[in-house]
Amino acid sequence: MAIDRFLEPKASSWMANAGDNTDIAMSTRIRLARNLNDFKFPYAFTEDEALKVDKAISSVLLDRGEEVNQEFTHIDIHEVSSLHRELLVEKHLISPYLAAGIHAGSVLISKNEELSIMINEEDHLRIQSLQSGFHLQEAYKVANELDSLLEENLQYAFHEKFGYLTSCPTNTGTGMRASVMLHLPALTMSQQITRIIPAISRLGMVVRGIYGEGSEALGNVYQISNQLTLGKSEYEILQDLQNMTEQIIEQERRARQAIVDNSPLKLEDRIYRSLGILTYSRLLTTEEAAKCLSDVRLGIDLKLIENIDMSILNELMIFMQPAFLQHYSKKPLSPGERDIARAKLFRERLKEEHKINGDKEGEDSV
Amino acid sequence: MICNQCGERPASVLVKQKRNGQLTERHLCHVCAAENHNLNLAFEQDPLAIHQLLSNWFPVHSPSVNPVKKEVTVCPSCGFTFNNFLKLGKFGCATCYEAFESNLEEIFKRLHNGNKEHTGKIPAFYGSTLKIKKEIEELRKQLKISIEEEEFEEAAKLRDQVRELNKQLEGGADHGD
Ligand SMILES: [Zn+2]
Ligand SMILES: [Zn+2]
(Lines give C-alpha, C1' and ligand atoms only; values in the text may rest on other atoms or scores of the structure.)
(Ligands and ions follow the chains in the order given, each with its own letter.)
Protein backbone atom coordinates (compact mmCIF):
# COMPACT_ATOMS: atom_id res chain seq x y z
CA MET A 1 0.00 0.00 0.00
CA ALA A 2 1.12 3.54 -0.81
CA ILE A 3 0.92 4.60 2.80
CA ASP A 4 3.22 1.88 4.17
CA ARG A 5 6.50 3.65 3.53
CA PHE A 6 5.43 6.48 5.83
CA LEU A 7 4.54 4.18 8.72
CA GLU A 8 7.96 2.70 9.34
CA PRO A 9 9.45 3.61 12.71
CA LYS A 10 12.35 5.10 10.79
CA ALA A 11 13.54 8.65 11.19
CA SER A 12 12.40 11.17 8.56
CA SER A 13 15.04 13.60 7.32
CA TRP A 14 13.57 16.47 9.35
CA MET A 15 14.22 14.49 12.55
CA ALA A 16 17.93 14.28 11.83
CA ASN A 17 20.39 16.82 13.14
CA ALA A 18 21.95 19.15 10.64
CA GLY A 19 23.33 22.68 10.70
CA ASP A 20 24.03 25.29 13.34
CA ASN A 21 22.28 25.48 16.66
CA THR A 22 20.95 21.93 16.39
CA ASP A 23 21.99 21.35 19.98
CA ILE A 24 19.00 23.54 20.90
CA ALA A 25 16.80 23.95 17.80
CA MET A 26 15.36 20.56 16.90
CA SER A 27 13.22 21.30 13.85
CA THR A 28 11.57 24.07 11.83
CA ARG A 29 8.11 24.14 10.32
CA ILE A 30 6.29 26.47 7.94
CA ARG A 31 2.57 26.17 7.35
CA LEU A 32 0.62 28.05 4.67
CA ALA A 33 -3.20 28.11 4.75
CA ARG A 34 -5.05 28.64 1.46
CA ASN A 35 -8.58 28.32 0.11
CA LEU A 36 -10.00 28.10 -3.39
CA ASN A 37 -12.16 30.98 -4.54
CA ASP A 38 -15.02 29.02 -6.06
CA PHE A 39 -15.93 26.81 -3.11
CA LYS A 40 -17.28 27.45 0.36
CA PHE A 41 -14.76 26.89 3.17
CA PRO A 42 -14.73 23.56 5.07
CA TYR A 43 -16.99 24.78 7.90
CA ALA A 44 -19.75 25.48 5.39
CA PHE A 45 -19.15 23.38 2.28
CA THR A 46 -21.10 20.34 1.11
CA GLU A 47 -19.60 16.86 0.78
CA ASP A 48 -19.86 17.25 -2.99
CA GLU A 49 -17.78 20.44 -2.84
CA ALA A 50 -15.28 18.68 -0.56
CA LEU A 51 -14.75 15.99 -3.19
CA LYS A 52 -14.33 18.56 -5.97
CA VAL A 53 -11.80 20.57 -3.95
CA ASP A 54 -9.86 17.40 -3.14
CA LYS A 55 -9.77 16.39 -6.79
CA ALA A 56 -8.79 19.85 -8.08
CA ILE A 57 -5.85 20.23 -5.70
CA SER A 58 -4.67 16.61 -5.81
CA SER A 59 -4.53 16.49 -9.59
CA VAL A 60 -2.36 19.61 -9.82
CA LEU A 61 0.07 18.19 -7.26
CA LEU A 62 0.23 14.75 -8.87
CA ASP A 63 0.51 16.09 -12.43
CA ARG A 64 2.86 19.00 -11.89
CA GLY A 65 4.75 18.28 -8.66
CA GLU A 66 7.86 17.40 -10.67
CA GLU A 67 8.11 21.03 -11.80
CA VAL A 68 9.24 21.86 -8.27
CA ASN A 69 11.19 18.59 -7.99
CA GLN A 70 8.62 16.92 -5.78
CA GLU A 71 7.01 13.54 -6.13
CA PHE A 72 3.94 13.04 -3.98
CA THR A 73 2.13 10.05 -2.59
CA HIS A 74 -1.61 10.67 -2.38
CA ILE A 75 -3.43 9.25 0.65
CA ASP A 76 -7.21 9.49 0.85
CA ILE A 77 -8.00 9.93 4.53
CA HIS A 78 -11.20 7.87 4.40
CA GLU A 79 -9.34 4.89 2.99
CA VAL A 80 -6.93 4.68 5.90
CA SER A 81 -7.54 2.85 9.20
CA SER A 82 -7.73 4.89 12.38
CA LEU A 83 -4.45 3.42 13.68
CA HIS A 84 -2.69 4.43 10.48
CA ARG A 85 -4.15 7.93 10.69
CA GLU A 86 -2.90 8.13 14.26
CA LEU A 87 0.61 7.11 13.10
CA LEU A 88 0.61 9.90 10.53
CA VAL A 89 -0.44 12.33 13.27
CA GLU A 90 2.33 11.14 15.58
CA LYS A 91 4.82 11.64 12.76
CA HIS A 92 3.48 15.21 12.27
CA LEU A 93 2.46 14.44 8.68
CA ILE A 94 -1.23 15.16 9.24
CA SER A 95 -3.14 17.07 11.91
CA PRO A 96 -5.54 15.50 14.41
CA TYR A 97 -8.26 17.56 12.72
CA LEU A 98 -7.66 15.89 9.35
CA ALA A 99 -7.34 12.50 11.04
CA ALA A 100 -10.85 12.91 12.46
CA GLY A 101 -12.04 12.51 8.84
CA ILE A 102 -14.93 14.95 9.10
CA HIS A 103 -14.99 15.57 5.34
CA ALA A 104 -13.62 13.94 2.22
CA GLY A 105 -9.96 14.86 2.42
CA SER A 106 -6.43 13.76 1.61
CA VAL A 107 -2.82 14.26 2.37
CA LEU A 108 -0.03 14.34 -0.19
CA ILE A 109 3.38 13.55 1.23
CA SER A 110 6.69 14.13 -0.53
CA LYS A 111 9.24 11.35 -0.83
CA ASN A 112 11.56 12.73 1.84
CA GLU A 113 8.59 13.57 4.12
CA GLU A 114 9.63 17.23 4.26
CA LEU A 115 6.43 18.41 2.57
CA SER A 116 2.94 17.39 3.44
CA ILE A 117 -0.12 18.97 1.89
CA MET A 118 -3.41 18.50 3.67
CA ILE A 119 -6.62 18.95 1.71
CA ASN A 120 -9.86 19.89 3.47
CA GLU A 121 -8.48 20.45 6.89
CA GLU A 122 -9.79 23.67 8.46
CA ASP A 123 -8.88 25.29 5.13
CA HIS A 124 -9.02 23.73 1.66
CA LEU A 125 -5.25 23.65 1.57
CA ARG A 126 -2.58 23.46 4.22
CA ILE A 127 0.98 23.34 2.92
CA GLN A 128 3.45 22.15 5.54
CA SER A 129 7.21 22.25 5.08
CA LEU A 130 9.44 20.59 7.68
CA GLN A 131 13.21 20.91 8.09
CA SER A 132 15.57 19.61 10.72
CA GLY A 133 17.36 22.16 12.89
CA PHE A 134 16.84 25.93 12.62
CA HIS A 135 16.12 26.70 8.96
CA LEU A 136 13.26 29.15 8.60
CA GLN A 137 14.27 30.57 5.21
CA GLU A 138 14.87 27.16 3.66
CA ALA A 139 11.59 25.76 4.94
CA TYR A 140 9.72 28.81 3.65
CA LYS A 141 11.40 28.55 0.25
CA VAL A 142 10.14 25.00 -0.25
CA ALA A 143 6.59 25.89 0.87
CA ASN A 144 6.54 29.06 -1.23
CA GLU A 145 7.68 27.31 -4.42
CA LEU A 146 4.89 24.81 -4.09
CA ASP A 147 2.41 27.59 -3.31
CA SER A 148 3.43 29.47 -6.46
CA LEU A 149 3.00 26.33 -8.55
CA LEU A 150 -0.50 25.83 -7.15
CA GLU A 151 -1.57 29.44 -7.69
CA GLU A 152 -0.70 29.15 -11.39
CA ASN A 153 -3.24 26.36 -11.67
CA LEU A 154 -5.88 27.19 -9.08
CA GLN A 155 -7.66 30.38 -8.17
CA TYR A 156 -7.07 31.19 -4.52
CA ALA A 157 -9.47 33.14 -2.32
CA PHE A 158 -7.60 36.41 -1.97
CA HIS A 159 -8.71 39.90 -0.98
CA GLU A 160 -6.95 43.14 -1.84
CA LYS A 161 -7.07 44.36 1.74
CA PHE A 162 -7.20 41.16 3.82
CA GLY A 163 -4.80 39.01 1.79
CA TYR A 164 -5.26 35.23 1.76
CA LEU A 165 -8.71 34.43 3.11
CA THR A 166 -8.79 31.64 5.70
CA SER A 167 -11.47 29.99 7.83
CA CYS A 168 -10.01 31.40 11.03
CA PRO A 169 -9.43 35.16 11.42
CA THR A 170 -6.18 34.35 13.26
CA ASN A 171 -4.67 33.12 9.96
CA THR A 172 -5.97 35.81 7.61
CA GLY A 173 -3.33 37.74 5.64
CA THR A 174 -0.25 35.67 4.92
CA GLY A 175 -1.90 32.45 6.13
CA MET A 176 1.56 31.59 7.41
CA ARG A 177 2.51 30.03 10.70
CA ALA A 178 6.26 29.57 11.14
CA SER A 179 7.60 27.67 14.11
CA VAL A 180 10.79 26.32 15.62
CA MET A 181 10.98 23.46 18.13
CA LEU A 182 13.44 24.19 20.89
CA HIS A 183 14.96 22.00 23.60
CA LEU A 184 15.30 24.30 26.63
CA PRO A 185 16.29 22.21 29.67
CA ALA A 186 18.44 24.87 31.36
CA LEU A 187 15.89 27.68 31.00
CA THR A 188 13.32 25.28 32.45
CA MET A 189 15.53 24.14 35.37
CA SER A 190 16.34 27.74 36.26
CA GLN A 191 12.66 28.67 35.81
CA GLN A 192 13.65 31.58 33.56
CA ILE A 193 11.23 30.19 30.98
CA THR A 194 8.26 31.34 33.08
CA ARG A 195 9.41 34.94 32.56
CA ILE A 196 10.29 34.52 28.89
CA ILE A 197 6.93 33.11 27.77
CA PRO A 198 4.73 36.11 28.70
CA ALA A 199 7.35 38.61 27.47
CA ILE A 200 7.38 37.02 24.01
CA SER A 201 3.60 36.93 23.69
CA ARG A 202 3.55 40.72 23.85
CA LEU A 203 5.69 40.81 20.68
CA GLY A 204 3.26 38.94 18.47
CA MET A 205 4.90 35.57 18.98
CA VAL A 206 3.96 32.64 21.17
CA VAL A 207 5.87 29.92 23.03
CA ARG A 208 4.13 26.70 23.95
CA GLY A 209 5.18 23.50 25.65
CA ILE A 210 3.53 20.09 25.83
CA TYR A 211 2.06 19.78 29.28
CA GLY A 212 1.33 16.36 30.73
CA GLU A 213 0.83 15.50 34.39
CA GLY A 214 3.64 17.69 35.71
CA SER A 215 4.00 21.43 35.61
CA GLU A 216 7.07 21.27 33.38
CA ALA A 217 6.87 21.00 29.62
CA LEU A 218 7.25 17.42 28.47
CA GLY A 219 10.86 16.73 27.50
CA ASN A 220 11.58 20.45 28.01
CA VAL A 221 10.55 20.88 24.39
CA TYR A 222 8.93 24.17 23.40
CA GLN A 223 7.63 25.58 20.17
CA ILE A 224 8.01 29.25 19.28
CA SER A 225 5.83 30.59 16.49
CA ASN A 226 4.43 33.81 15.04
CA GLN A 227 0.95 34.79 16.15
CA LEU A 228 0.40 37.70 13.76
CA THR A 229 -0.40 36.93 10.14
CA LEU A 230 -1.79 40.32 9.10
CA GLY A 231 0.10 43.58 8.49
CA LYS A 232 3.56 42.08 8.15
CA SER A 233 5.09 40.45 5.10
CA GLU A 234 6.27 36.85 5.18
CA TYR A 235 9.84 38.14 5.15
CA GLU A 236 9.27 40.38 8.20
CA ILE A 237 7.51 37.63 10.13
CA LEU A 238 10.36 35.20 9.46
CA GLN A 239 12.96 37.81 10.38
CA ASP A 240 11.26 38.63 13.70
CA LEU A 241 10.98 34.95 14.55
CA GLN A 242 14.59 34.36 13.52
CA ASN A 243 15.82 37.14 15.83
CA MET A 244 13.70 36.07 18.77
CA THR A 245 14.71 32.42 18.41
CA GLU A 246 18.39 33.38 18.28
CA GLN A 247 17.95 35.33 21.52
CA ILE A 248 16.30 32.39 23.26
CA ILE A 249 19.04 30.04 22.04
CA GLU A 250 21.64 32.44 23.41
CA GLN A 251 19.87 32.59 26.78
CA GLU A 252 19.63 28.81 26.92
CA ARG A 253 23.37 28.56 26.25
CA ARG A 254 24.10 30.98 29.08
CA ALA A 255 21.78 29.12 31.45
CA ARG A 256 23.51 25.84 30.56
CA GLN A 257 26.92 27.34 31.25
CA ALA A 258 25.71 28.66 34.62
CA ILE A 259 24.55 25.19 35.66
CA VAL A 260 27.83 23.63 34.51
CA ASP A 261 29.80 26.26 36.48
CA ASN A 262 27.72 26.14 39.65
CA SER A 263 26.82 22.50 40.15
CA PRO A 264 28.69 20.25 37.73
CA LEU A 265 28.48 17.10 39.88
CA LYS A 266 24.74 17.44 40.48
CA LEU A 267 24.20 17.90 36.75
CA GLU A 268 26.36 14.94 35.82
CA ASP A 269 24.59 12.78 38.38
CA ARG A 270 21.17 13.74 37.00
CA ILE A 271 22.24 13.01 33.41
CA TYR A 272 23.74 9.58 34.17
CA ARG A 273 20.78 8.55 36.35
CA SER A 274 18.50 9.31 33.42
CA LEU A 275 20.72 7.35 31.04
CA GLY A 276 20.52 4.45 33.52
CA ILE A 277 16.73 4.57 33.58
CA LEU A 278 16.44 4.63 29.79
CA THR A 279 19.00 1.83 29.39
CA TYR A 280 17.69 -0.59 32.02
CA SER A 281 14.11 0.11 33.11
CA ARG A 282 11.27 -2.31 32.44
CA LEU A 283 8.40 0.18 32.80
CA LEU A 284 8.55 3.65 31.33
CA THR A 285 5.75 6.24 31.34
CA THR A 286 5.65 9.02 28.75
CA GLU A 287 6.52 11.64 31.37
CA GLU A 288 9.51 9.75 32.75
CA ALA A 289 10.78 8.84 29.29
CA ALA A 290 10.54 12.46 28.13
CA LYS A 291 12.31 13.77 31.22
CA CYS A 292 15.14 11.26 30.92
CA LEU A 293 15.46 11.80 27.17
CA SER A 294 15.86 15.51 27.78
CA ASP A 295 18.60 14.87 30.36
CA VAL A 296 20.44 12.46 28.05
CA ARG A 297 20.20 14.89 25.16
CA LEU A 298 21.65 17.63 27.39
CA GLY A 299 24.43 15.22 28.36
CA ILE A 300 25.20 14.69 24.66
CA ASP A 301 25.21 18.46 24.00
CA LEU A 302 27.58 19.03 26.93
CA LYS A 303 29.85 16.19 25.71
CA LEU A 304 29.33 14.23 28.91
CA ILE A 305 27.81 11.40 26.89
CA GLU A 306 29.69 10.64 23.70
CA ASN A 307 28.44 7.39 22.24
CA ILE A 308 24.82 8.27 21.55
CA ASP A 309 23.57 10.13 18.48
CA MET A 310 22.06 13.61 18.96
CA SER A 311 18.94 12.82 16.97
CA ILE A 312 17.80 10.44 19.72
CA LEU A 313 15.56 13.08 21.35
CA ASN A 314 13.84 14.09 18.09
CA GLU A 315 13.22 10.51 17.04
CA LEU A 316 12.22 8.84 20.25
CA MET A 317 9.81 11.64 21.19
CA ILE A 318 7.96 10.57 18.02
CA PHE A 319 8.28 6.80 18.23
CA MET A 320 7.41 6.45 21.92
CA GLN A 321 3.84 7.64 21.27
CA PRO A 322 0.90 5.24 21.63
CA ALA A 323 0.15 4.50 17.97
CA PHE A 324 3.79 3.81 17.06
CA LEU A 325 4.24 1.54 20.09
CA GLN A 326 1.17 -0.44 19.01
CA HIS A 327 2.27 -0.55 15.39
CA TYR A 328 5.69 -1.73 16.53
CA SER A 329 4.21 -4.42 18.80
CA LYS A 330 1.69 -5.36 16.08
CA LYS A 331 -1.23 -5.34 18.56
CA PRO A 332 -3.40 -2.95 20.57
CA LEU A 333 -1.88 -2.09 23.95
CA SER A 334 -3.45 -0.85 27.18
CA PRO A 335 -1.71 2.14 28.82
CA GLY A 336 0.11 -0.25 31.20
CA GLU A 337 1.29 -2.44 28.33
CA ARG A 338 2.52 0.66 26.51
CA ASP A 339 4.85 1.44 29.42
CA ILE A 340 6.38 -2.03 28.96
CA ALA A 341 6.68 -1.57 25.18
CA ARG A 342 8.15 1.91 25.64
CA ALA A 343 10.83 0.59 28.03
CA LYS A 344 11.66 -2.14 25.51
CA LEU A 345 11.92 0.39 22.66
CA PHE A 346 14.42 2.49 24.63
CA ARG A 347 16.51 -0.51 25.73
CA GLU A 348 16.76 -1.77 22.15
CA ARG A 349 17.49 1.64 20.69
CA LEU A 350 20.25 2.32 23.23
CA LYS A 351 21.73 -1.14 22.68
CA GLU A 352 21.90 -0.37 18.95
CA GLU A 353 23.69 2.89 19.68
CA HIS A 354 26.30 1.01 21.68
CA LYS A 355 26.79 -1.51 18.89
CA ILE A 356 27.23 1.18 16.23
CA ASN A 357 29.38 3.57 18.20
CA GLY A 358 31.35 1.04 20.25
CA ASP A 359 30.88 0.59 23.98
CA LYS A 360 33.32 2.82 25.78
CA GLU A 361 32.01 1.92 29.23
CA GLY A 362 35.07 -0.25 29.95
CA GLU A 363 37.55 2.60 29.58
CA ASP A 364 35.37 5.25 31.18
CA SER A 365 34.35 3.47 34.34
CA VAL A 366 37.81 3.03 35.85
CA MET B 1 -22.76 19.31 27.48
CA ILE B 2 -21.08 21.34 24.75
CA CYS B 3 -17.32 21.17 24.18
CA ASN B 4 -15.39 23.77 26.22
CA GLN B 5 -12.91 24.43 23.45
CA CYS B 6 -14.89 24.86 20.25
CA GLY B 7 -18.30 25.51 21.83
CA GLU B 8 -19.74 23.71 18.86
CA ARG B 9 -19.84 19.93 19.12
CA PRO B 10 -21.11 17.84 22.07
CA ALA B 11 -18.41 16.99 24.63
CA SER B 12 -17.42 13.34 24.83
CA VAL B 13 -14.22 13.36 26.90
CA LEU B 14 -13.17 14.85 30.23
CA VAL B 15 -9.58 16.10 30.04
CA LYS B 16 -7.72 16.84 33.28
CA GLN B 17 -4.62 18.92 32.90
CA LYS B 18 -2.17 20.43 35.31
CA ARG B 19 -0.78 23.68 34.00
CA ASN B 20 1.67 25.76 36.02
CA GLY B 21 0.52 23.95 39.15
CA GLN B 22 -3.19 24.49 38.56
CA LEU B 23 -5.44 21.57 37.82
CA THR B 24 -8.01 22.27 35.11
CA GLU B 25 -10.86 20.05 33.98
CA ARG B 26 -12.27 20.48 30.51
CA HIS B 27 -15.05 18.73 28.68
CA LEU B 28 -14.04 18.29 25.05
CA CYS B 29 -15.50 16.86 21.87
CA HIS B 30 -13.62 14.16 19.94
CA VAL B 31 -12.09 16.68 17.54
CA CYS B 32 -10.75 19.03 20.20
CA ALA B 33 -9.59 16.13 22.36
CA ALA B 34 -7.58 14.91 19.39
CA GLU B 35 -6.15 18.38 18.98
CA ASN B 36 -4.94 18.29 22.56
CA HIS B 37 -3.08 15.11 21.75
CA ASN B 38 -0.45 14.56 24.37
CA LEU B 39 2.77 14.83 22.41
CA ASN B 40 1.67 16.95 19.56
CA LEU B 41 2.93 20.47 19.30
CA ALA B 42 3.22 20.41 15.55
CA PHE B 43 -0.35 21.41 14.87
CA GLU B 44 -1.57 24.48 16.62
CA GLN B 45 -4.87 24.62 18.33
CA ASP B 46 -6.37 28.05 18.06
CA PRO B 47 -3.71 30.12 19.81
CA LEU B 48 -6.53 31.57 21.84
CA ALA B 49 -10.06 30.35 22.17
CA ILE B 50 -11.09 32.53 19.25
CA HIS B 51 -14.83 32.21 19.56
CA GLN B 52 -14.58 33.18 23.22
CA LEU B 53 -12.66 36.35 22.40
CA LEU B 54 -15.11 37.25 19.66
CA SER B 55 -18.14 36.84 21.84
CA ASN B 56 -16.48 38.94 24.53
CA TRP B 57 -15.98 41.74 22.02
CA PHE B 58 -19.42 41.42 20.50
CA PRO B 59 -21.71 40.17 23.27
CA VAL B 60 -24.45 38.48 21.29
CA HIS B 61 -27.08 38.39 24.03
CA SER B 62 -26.38 41.80 25.44
CA PRO B 63 -29.61 43.86 25.36
CA SER B 64 -27.63 47.02 24.61
CA VAL B 65 -26.75 45.72 21.16
CA ASN B 66 -29.07 46.78 18.41
CA PRO B 67 -30.84 43.54 17.46
CA VAL B 68 -31.91 44.83 14.04
CA LYS B 69 -28.35 45.40 12.92
CA LYS B 70 -27.41 41.86 13.96
CA GLU B 71 -30.24 40.24 12.00
CA VAL B 72 -29.38 41.70 8.62
CA THR B 73 -25.76 40.62 8.44
CA VAL B 74 -26.02 37.35 6.50
CA CYS B 75 -23.45 36.10 4.02
CA PRO B 76 -25.29 35.76 0.68
CA SER B 77 -22.99 32.95 -0.46
CA CYS B 78 -22.85 30.49 2.45
CA GLY B 79 -25.67 31.70 4.68
CA PHE B 80 -23.50 32.30 7.76
CA THR B 81 -24.84 35.10 9.94
CA PHE B 82 -22.49 37.39 11.82
CA ASN B 83 -23.65 35.55 14.95
CA ASN B 84 -22.64 32.20 13.42
CA PHE B 85 -19.22 33.68 12.80
CA LEU B 86 -18.94 34.95 16.38
CA LYS B 87 -20.04 31.67 17.94
CA LEU B 88 -17.80 29.47 15.82
CA GLY B 89 -14.95 31.92 15.39
CA LYS B 90 -14.66 30.86 11.72
CA PHE B 91 -15.70 32.19 8.33
CA GLY B 92 -17.91 30.05 6.09
CA CYS B 93 -16.56 31.29 2.77
CA ALA B 94 -14.65 34.07 1.02
CA THR B 95 -17.77 36.22 0.66
CA CYS B 96 -18.19 36.29 4.47
CA TYR B 97 -15.24 38.68 4.55
CA GLU B 98 -17.21 41.19 2.47
CA ALA B 99 -20.52 40.56 4.22
CA PHE B 100 -19.02 41.19 7.67
CA GLU B 101 -16.45 43.74 6.52
CA SER B 102 -17.77 46.63 8.64
CA ASN B 103 -16.94 44.69 11.82
CA LEU B 104 -13.75 43.03 10.68
CA GLU B 105 -11.38 45.95 11.01
CA GLU B 106 -12.00 45.99 14.77
CA ILE B 107 -11.55 42.20 15.03
CA PHE B 108 -8.35 42.11 12.99
CA LYS B 109 -6.85 45.02 14.89
CA ARG B 110 -7.37 43.15 18.15
CA LEU B 111 -6.12 39.82 16.82
CA HIS B 112 -3.09 41.15 14.95
CA ASN B 113 -1.63 43.82 17.23
CA GLY B 114 -3.36 46.77 15.58
CA ASN B 115 -2.82 45.62 11.98
CA LYS B 116 -5.71 45.48 9.56
CA GLU B 117 -4.19 45.18 6.08
CA HIS B 118 -2.22 42.52 4.27
CA THR B 119 1.26 43.54 3.10
CA GLY B 120 2.69 40.17 2.11
CA LYS B 121 2.61 37.91 -0.91
CA ILE B 122 0.06 38.49 -3.68
CA PRO B 123 -0.86 35.61 -6.00
CA ALA B 124 0.47 36.33 -9.48
CA PHE B 125 -3.01 36.10 -11.00
CA TYR B 126 -4.52 38.68 -8.62
CA GLY B 127 -1.52 40.91 -9.06
CA SER B 128 -2.14 41.28 -12.78
CA THR B 129 -5.95 41.50 -12.63
CA LEU B 130 -5.71 44.07 -9.89
CA LYS B 131 -3.54 46.18 -12.19
CA ILE B 132 -5.89 45.74 -15.14
CA LYS B 133 -8.92 46.64 -13.03
CA LYS B 134 -7.24 49.83 -11.92
CA GLU B 135 -6.33 50.70 -15.53
CA ILE B 136 -9.93 50.15 -16.65
CA GLU B 137 -11.16 52.40 -13.86
CA GLU B 138 -8.79 55.13 -15.00
CA LEU B 139 -9.76 54.75 -18.70
CA ARG B 140 -13.48 54.92 -17.83
CA LYS B 141 -12.92 58.22 -16.04
CA GLN B 142 -11.14 59.62 -19.11
CA LEU B 143 -13.86 58.22 -21.36
CA LYS B 144 -16.55 60.04 -19.38
CA ILE B 145 -14.66 63.30 -19.64
CA SER B 146 -14.10 62.97 -23.39
CA ILE B 147 -17.80 62.23 -23.97
CA GLU B 148 -18.78 65.25 -21.89
CA GLU B 149 -16.39 67.36 -23.91
CA GLU B 150 -17.71 65.82 -27.13
CA GLU B 151 -14.30 64.53 -28.22
CA PHE B 152 -15.85 61.48 -29.88
CA GLU B 153 -12.78 60.30 -31.73
CA GLU B 154 -10.84 60.17 -28.47
CA ALA B 155 -13.81 58.49 -26.74
CA ALA B 156 -13.95 55.72 -29.35
CA LYS B 157 -10.25 55.02 -28.85
CA LEU B 158 -10.69 54.82 -25.08
CA ARG B 159 -13.72 52.53 -25.45
CA ASP B 160 -11.66 50.13 -27.56
CA GLN B 161 -8.93 50.08 -24.94
CA VAL B 162 -11.45 49.30 -22.19
CA ARG B 163 -12.90 46.49 -24.32
CA GLU B 164 -9.43 45.07 -24.91
CA LEU B 165 -8.61 45.09 -21.20
CA ASN B 166 -11.96 43.54 -20.30
CA LYS B 167 -11.21 40.73 -22.72
CA GLN B 168 -7.89 40.16 -20.95
CA LEU B 169 -9.68 40.03 -17.61
CA GLU B 170 -12.12 37.39 -18.78
CA GLY B 171 -9.41 35.29 -20.38
CA GLY B 172 -7.08 35.82 -17.44
CA ALA B 173 -8.04 32.61 -15.65
CA ASP B 174 -6.66 30.33 -18.35
CA HIS B 175 -3.43 32.10 -19.17
CA GLY B 176 -1.14 29.25 -18.19
CA ASP B 177 -1.35 26.07 -20.21
ZN1 LIG C 1 -14.74 20.81 20.45
ZN1 LIG D 1 -19.95 33.14 3.63
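Remember, predicted model here, so these are calculated numbers, not experimental data. (Residues numbered from 1 in each chain as written. Chains lettered and ligands numbered in written order. Predicted model: local features only at pLDDT ≥ 70, side-chain atom pairs only at ≥ 80, totals over all residues. Heavy atoms only, no water.)

### Things to note about the pairing of strand 4 (residues 115–119) of chain A
A regular strand carries its side chains on alternate faces of the sheet.
Residue and element names in this part refer to chain A.
Now for step 1: In terms of burial, strand 4 is a largely internal element, 5 of the 5 residues being buried.
Now for step 2: Of the two faces of strand 4, the one lined by Leu115, Ile117 and Ile119 and the one lined by Ser116 and Met118 are each fully buried.
Now for step 3: Taken together, the 4 bridges between strand 3 (residues 106–110) and strand 4 define a ladder with antiparallel strand orientation. Directly across from Val107, in strand 4, lies its bridge partner Met118.
Now for step 4: In this structure, the hairpin formed by strand 3 and strand 4 is closed by a connection of 4 residues, where Glu113 is found at a positive phi of approximately 65°.
Now for step 5: Across 5 bridges, the pairing between strand 4 and strand 5 (residues 125–132) is antiparallel. For Leu115, the partnering residue across the bridge sits in strand 5 and is Ser129.
Now for step 6: Counting the residues that bridge the hairpin from strand 4 to strand 5 gives 5 residues, and of these Asn120 lies at a positive phi of roughly 65°. (Buried < 20%, exposed > 50% of the residue type's maximum accessible area, 1.4 Å probe, protein only. Helix = DSSP H or I, 4+ residues; strand = E, 2+ residues; numbered from the N terminus. Pairing = 2+ DSSP bridges.)

### A look at the nonpolar core
Now for step 1: Judged by nonpolar contacts, the single largest core of 106 residues is most densely connected at A:Ile30, A:Leu146 and A:Leu150.
Now for step 2: Excluding residues within four positions of it along the chain, A:Leu150 makes contact with A:Ile57, A:Val60, A:Leu61, A:Leu125, A:Ile127 and A:Tyr156.
Now for step 3: Residues B:Phe58, B:Cys75, B:Cys78 and B:Leu86 belong to the second largest nonpolar core, which totals 29 residues. (Core = buried A, V, L, I, M, F, W, Y, C linked by side-chain atoms within 4.5 Å. Contact = heavy atoms within 4.5 Å.)

### A short note on the packing of helix 9 (residues 286–301) of chain A against helix 10 (residues 312–319) of chain A
Residues and elements named next belong to chain A.
Now for step 1: Running from N to C, helix 9 and helix 10 point in directions that differ by 165°, and their axes come no closer than 9 Å. Here helix 9 lies roughly antiparallel to helix 10, going by the angle between them. Our pair here, helix 9 against helix 10, has a crossing hand that is right-handed. Packed against helix 9, whose contacting residues are Ala290, Leu293, Ser294, Arg297 and Ile300, the element helix 10 presents Ile312, Leu313, Asn314, Leu316 and Met317 at the interface.
Now for step 2: When grouped by side-chain class, the residues that make up the contact of helix 9 with helix 10 number 7 nonpolar, 2 polar and 1 charged. (Axes fitted to C-alpha atoms, helices over the stretch in contact; angles between N-to-C directions. Parallel < 35°, antiparallel > 145°, perpendicular 65-115°, else oblique. Left-handed = near helix turned anticlockwise from the far one by under 90°. Nonpolar A, V, L, I, M, F, W, Y, C, P; charged D, E, K, R; others polar.)

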